[in-house]
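Residues per chain, in single letters:
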Amino acid sequence: MAKLTLNQFQHLFSQASLRPEHTGVDPMLLNGIMPGGTLTSDTALEVYRTGHIVRLTEALGETFEAVWWVAGDEHYFELAQEFLLTHSSTSYNLSDFGKRFPDFLDKRQPFADLPFLADLARFEWLFKEVFHLPPHVSLTPDHFHQQPLSGNLRLTFGPSFRLFRSPYAVYEVWKLRGTSQDSLPAKNWGNPQWLLCYKHQQQVFIKHLSEPEYWLLDHLSSGASIEEALERTLEDFPDITATTVSDVFALIKHTGIITHLKMDFPT
Amino acid sequence: MTPRLERTWQKKAHRLGPTDGMNKRQPNIGVGLRPTHYPYLEPRPQTSVSWFEAVSENYMDSKGRPLDMLELIRKDYPVALHGVSLSIASTEGLRQEYLHNLRNLVERIDPFIVSDHLCWTGLQQQNLHDLLPIPFTDEALNLIVDHVEQVQTYLGRQILLENVSTYLRVPEADWAEWDFLKEVAKRSGCGLLLDLNNLYVNAKNHQFDPSVFLEAIPTDLIGQIHLAGYTDMGTHLFDTHSKPVYPEVWELFSSLIARAPELPVLIEWDEDIPEFPLLEAEALKAGHIWNYHHGQTHTQPISAPVFSGLS
Ligand SMILES: [Fe+2]
């Protein structure tokens, strides 16, 4: 048998490690290796195949801890294995693995009684991203004192500012992760929620918002001036109260989510 | 290798080992920096370890708390950066983005050692994230030497490459594992991170005498030692880093450290990680062996039964 080139060896080895269970290995590879210990060529390759599954399942589980908790070990392992065999890791960094897991859950809808699972996964990915972001220099309440907010101001939000909405109370479910599984049905996860996620001094914070608050922040962070953002929010929520609006601006001033203010000058 | 590079790296190869903040008349024993120990280490307690090794990938893509912790540790200790994703033996070449991010981290942390493994980790579109075996062939040797030169030029410094545990090998080889390692180091100017647990695991799995491997490697090519525990799977030894160091591995360590007292030594523990003081205790065992060979006072002779007691 001709000696395998390094490139052939790596491609055959990779195929063997990513193959589904109980499927055959290319004889070129089987004949080109010598197993260690008392392993056979097949079982030696199996050490690497299962090692790959375990490693990626654990990495996925670190990011999607709450999905794992909600699904339970058995279902989570099945889902993880199905995902990792159909979605190769392309990043050098193992902790990047799983970006497409929420979409996979969306399409796969593994449990009819847990319709929030994909949104929960989306929330966990968002949390992970924010956790690893660098701290930014934000405007302090003093700064806002010197430059009061006026209609023609546009706000620049820091990189860790994120808005999240779901028809399900995923944050409530997420907070329960790691507790007894029995606590899940007791929670009313059917309520929609609107959330603000941000990082301040290396700590990640999650705040509940009302729907109008969410959309006001959404318009502001999309580049609208304060006046424009208020107008757009009023169109959808004509009953929005002055208190709600002042709550949003108090939050803007005190959470450190803003990095710059820009004034629109009349042309 | 170009003559200029050869000169640079050969010069550095002769001064492998600890630099800033390290004492050559003391054992240089470090432990891995692991997130589970952050709460213990955050108040900056006194420890009995001389340095820390951090997994590069855990810090190069994060600007959050992990990086803060690493920078905090760096204030008090020398730090080695140990990667798992370089994939130096990949036929698809090196990832530029990886090298870029690694260089940024190196510039930020100023580590005394930058290391990775002598292996490949998967294909770029199908990364297996594992330390995979390579055939010890001339083809692999040439490719690795070329890649090491690229990395060292890009980082502007020497790297160390670690021998990995394997569960199969390619019999159609041009080199024995130890000669291959030695040749990579000599030709590329990199140093070796000799993992004595991996050496022992391979000796058992592939049936060779571990002392043949150990004695074949000139100590001036070695820049660091790893010690860890394996798991006996019945069919083979498996590199789990989940146990204390085994007596046979301590024996190998004793024989190496007797010849090379200046080498930094690291206790690796990645699964079932004990409390920090227990990890320190494991590091102290390595210190005792160092002291037996090089200390001012020899308290007790080191013999096989003592090693058993140590583990
Ligand atoms: Fe190691």
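In this text the structure is predicted, and so the values were computed from the model without any measurement.

Procedures and definitions
- Numbering of residues starts from 1 in every chain and runs along the sequence as written.
- To label them, take the chains in the order written and letter them from A, then take the ligands in the order written and number them from 1.
- It should be noted that, the model being predicted, local features are given only for residues of pLDDT at least 70 and side-chain atom pairs only at 80 or more, the latter also being counted only at that level, while totals for whole chains, interfaces and linings use all residues.
- To obtain the side-chain values, all non-hydrogen atoms of the structure were included, while hydrogens and water were left out.
- An automatic or database domain assignment supplies the residue ranges for each domain.
- Contacts between residues were defined by any pair of non-hydrogen atoms, one from each residue, lying within 4.5 Å.
- Computed with a 1.4 Å rolling probe, the buried area is the accessible surface lost when two parts are put together, summed over both parts.
- For patch building, the residue pool is restricted to those with more than 30% relative accessible area and no salt bridge; the joining distance is 9 Å between like charges and 5 Å between nonpolar side chains (Val, Leu, Ile, Met, Phe, Trp, Tyr).
- Using a 1.4 Å probe, accessible areas were evaluated by the Shrake-Rupley method; residue-level cover was limited to the displayed protein chains.
- The salt bridge criterion pairs a side-chain nitrogen of Lys or Arg with a carboxyl oxygen of Asp or Glu, the two atoms within 4 Å.
- In this tally, Asp and Glu contribute negative charge and Lys and Arg positive charge; neither His nor the terminal groups of the chain are included.
- The atoms used to mark charge sites are NZ of Lys, CZ of Arg, CG of Asp and CD of Glu.
- Runs of H or I in DSSP of at least four residues are treated as helices and runs of E of at least two as strands, each being numbered from the N terminus.
- With a 1.4 Å probe rolled over the protein chains alone, any residue whose accessible area is under 20% of its type maximum counts as buried; one over 50% counts as exposed, and the rest are partly exposed.
- Sites may look incomplete, because water is not among the atoms used; the donor set itself consists of N, O and S atoms within 2.8 Å of the metal (3.2 Å for Na, K and Ca).
- When four donors show all angles between 85 and 135 degrees the site is tetrahedral, when four or six donors have opposite pairs over 155 degrees and all other angles between 65 and 115 it is square planar or octahedral respectively, and in every other case it is irregular.
- Between any two strands, pairing holds if DSSP finds at least two bridges.
- Any two of the Phe, Tyr and Trp rings considered here, Trp counted by its six-membered ring, make a pair once their centres fall within 6.5 Å; the pair's planes then place it as stacked at under 30 degrees, edge-to-face at over 60, or tilted in between.
- Simply put, an axis is a line fit to the C-alpha atoms, just over the touching stretch for a helix, and the angle between two N-to-C directions goes from 0 to 180 degrees.
- Under the rule applied, a polar contact is a pair of N or O atoms within 3.5 Å (in protein, one hydrogen donor and one hydrogen acceptor; residues adjacent in sequence only if both atoms are side-chain atoms).
- For this scheme, ten residues count as nonpolar: Ala, Val, Leu, Ile, Met, Phe, Trp, Tyr, Cys and Pro. Four count as charged, namely Asp, Glu, Lys and Arg, and the remainder, Gly too, count as polar.

### Examining the domain arrangement of chain A
Accessible area lost upon the coming together of the parts is a frequently used measure of interface size.
Residue and element names in this part refer to chain A.
Then step 1. Assigned domains within chain A: domain 1 (1-132) and domain 2 (136-267).
Then step 2. Centre-to-centre, using C-alpha coordinates, domain 1 lies 36 Å away from domain 2.
Then step 3. With 20 residues of domain 1 at the interface, the matching set in domain 2 holds 26 residues.
Then step 4. Both sides of the domain 1 and domain 2 interface together cover about 2000 Å² of buried area, and 76% of this is carbon and sulfur.

### A look at a negative patch on the surface
Residues and elements named next belong to chain A.
Then step 1. Taken together, the side chains of Glu211, Glu227, Glu231, Glu235 and Asp236 present a region of like negative charge at the surface.
Then step 2. If one sorts the elements of the negative patch by residue count, helix H12 (residues 226-236) sits on top with four residues.
Then step 3. With respect to the element layout, Glu231 can be found in helix H12.
Then step 4. For Glu231, a relative accessible area of 45% translates into the label partly exposed.

### Some thoughts on the coordination of the iron ion
Residue and element names in this part refer to chain B.
Then step 1. Surrounding the iron ion are the protein donor atoms Glu162 (OE), Asp195 (OD), His226 (ND1) and Glu268 (OE), which sit 2.0 to 2.3 Å from the metal.
Then step 2. Note that the iron ion binds four donor atoms; their angles at the metal cover 85 to 173°, and the shape is irregular.
Then step 3. Accessibility expressed as a relative area gives 1% for Glu162, which makes it buried.

### Some words on the pattern of salt bridges
Then step 1. If you walk through the whole model with that rule in mind, you get 19 salt bridges over all chains.
Then step 2. Among the ionic pairs, Lys3 of chain A bridges to Asp174 of chain B, the shortest N-O distance being 3.7 Å. Of this pair, Lys3 of chain A sits in the segment before helix H1 (6-18) while Asp174 of chain B is found in the loop between strand E8 (168-169) and helix H7 (177-188), placing the two residues in two different chains.
Then step 3. Here Lys3 of chain A falls in the partly exposed class, since its relative accessible area comes to 40%.

### Some points on the pairing of strand E9 (residues 191-195) of chain B
Residues and elements named next belong to chain B.
Then step 1. Most of E9 sits out of view: five of its five residues are buried.
Then step 2. Where burial is concerned, the two faces of E9 agree: the one with Gly191, Leu193 and Asp195 and the one with Leu192 and Leu194 are both buried.
Then step 3. Here strand E7 (residues 160-162) runs beside E9; their pairing, made up of three bridges, is parallel. Within E9, the position partnered with Glu162 by the bridge is Leu193.
Then step 4. Across four bridges, E9 lies against strand E10 (residues 222-227) in parallel orientation. From the neighbouring strand, Leu194 faces E10, where its bridge partner is Ile225.

### Here's the deal with the packing of aromatic side chains
Then step 1. Per the stated rule, a full pass over the model turns up 38 aromatic pairs over all chains.
Then step 2. Plain terms: the ring middles of Phe83 of chain A and Phe97 of chain A are 5.4 Å apart, the flat faces sit at 45° to each other, and that makes the pair tilted. Taken together, the positions of Phe83 of chain A in helix H5 (residues 73-86) and Phe97 of chain A in the loop between H5 and helix H6 (101-108) put the pair 14 residues apart, joining distant regions of the chain.
Then step 3. On the accessibility criterion, Phe97 of chain A (4% relative accessible area) is buried.
Then step 4. Ring centres 5.9 Å apart and planes at 55° place the aromatic pair Phe123 of chain A and Tyr171 of chain A in the tilted group. With Phe123 of chain A in helix H7 (residues 117-132) and Tyr171 of chain A in helix H9 (residues 170-175), this pair connects stretches of sequence that are 48 residues apart. Of the two residues, Phe123 of chain A and Tyr171 of chain A, both sit in the buried class.
Then step 5. An aromatic cluster is built from Phe9, Phe13 and Tyr48 of chain A together with Trp120, Tyr167 and Phe238 of chain B, whose rings are joined through pairwise contacts.

### Side note on the sheet that holds E9 of chain B
Each strand in a sheet pairs with its neighbour through backbone hydrogen bonds, running either in the same direction (parallel) or in the opposite one (antiparallel).
Residues and elements named next belong to chain B.
Then step 1. Within the closed barrel, the eight strands sit side by side as E1-E2-E3-E4-E7-E9-E10-E13. Their pairing is parallel. With direction set aside, neighbouring strand axes in the sheet form an average angle of 30°.
Then step 2. Across three bridges, strand E1 (residues 29-32) lies against strand E2 (residues 51-55) in parallel orientation. Across the sheet, the residue bridging to Gly32 is Glu53, located in E2.
Then step 3. Packed onto the sheet, helix H11 (residues 276-294) meets E1, E2, E10 and strand E13 (265-267) and runs at close to 145° relative to E1.

### A short note on unusual backbone geometry
All names here are of chain A.
Then step 1. Even without glycine at this site, His22 takes up a positive phi of about 60°.
Then step 2. With respect to the helices and strands, His22 occurs in the loop between H1 and helix H2 (27-32).
Then step 3. On the accessibility criterion, His22 (75% relative accessible area) is exposed.
Then step 4. Phi is positive for Gln109, which is not a glycine, with a value near 35°.
Then step 5. Of note, Gln109 is situated in the loop between H6 and H7.
Then step 6. Classification of Gln109 as partly exposed rests on a relative accessible area of 40%.

### Comments concerning the interface of chain B and chain A
Then step 1. Every contact between the two is made by 52 residues of chain B and, on the other side, 42 residues of chain A.
Then step 2. Contact between chain B and chain A buries roughly 3900 Å² in total, counting both sides, with carbon and sulfur atoms accounting for 58%.
Then step 3. On the chain B side of the contact with chain A, Leu128, His129 and Leu168 of chain B bury the most area, a combined 17% of that side's loss.
Then step 4. Applying the counting criterion to the chain B and chain A interface returns two salt bridges.
Then step 5. Linking chain B with chain A are 27 residue pairs in polar contact (both at pLDDT 80 or more).
Then step 6. Mapped onto the side of chain B that touches chain A, the elements with two or more residues apiece are helix H3 (57-60), helix H4 (65-76), helix H5 (96-109), strand E5 (120-123), strand E6 (126-132), helix H6 (138-155) and E8 of chain B.
Then step 7. Take the side of chain B that touches chain A: its biggest share by element is seven residues, from E6 of chain B.
Then step 8. Tallied by class, the residues present in the side of chain B that touches chain A amount to 18 nonpolar, 20 polar and 14 charged.
Then step 9. Where strand E1 (residues 34-35) of chain A meets E8 of chain B, two bridges bridge the pair, whose relative direction is antiparallel.

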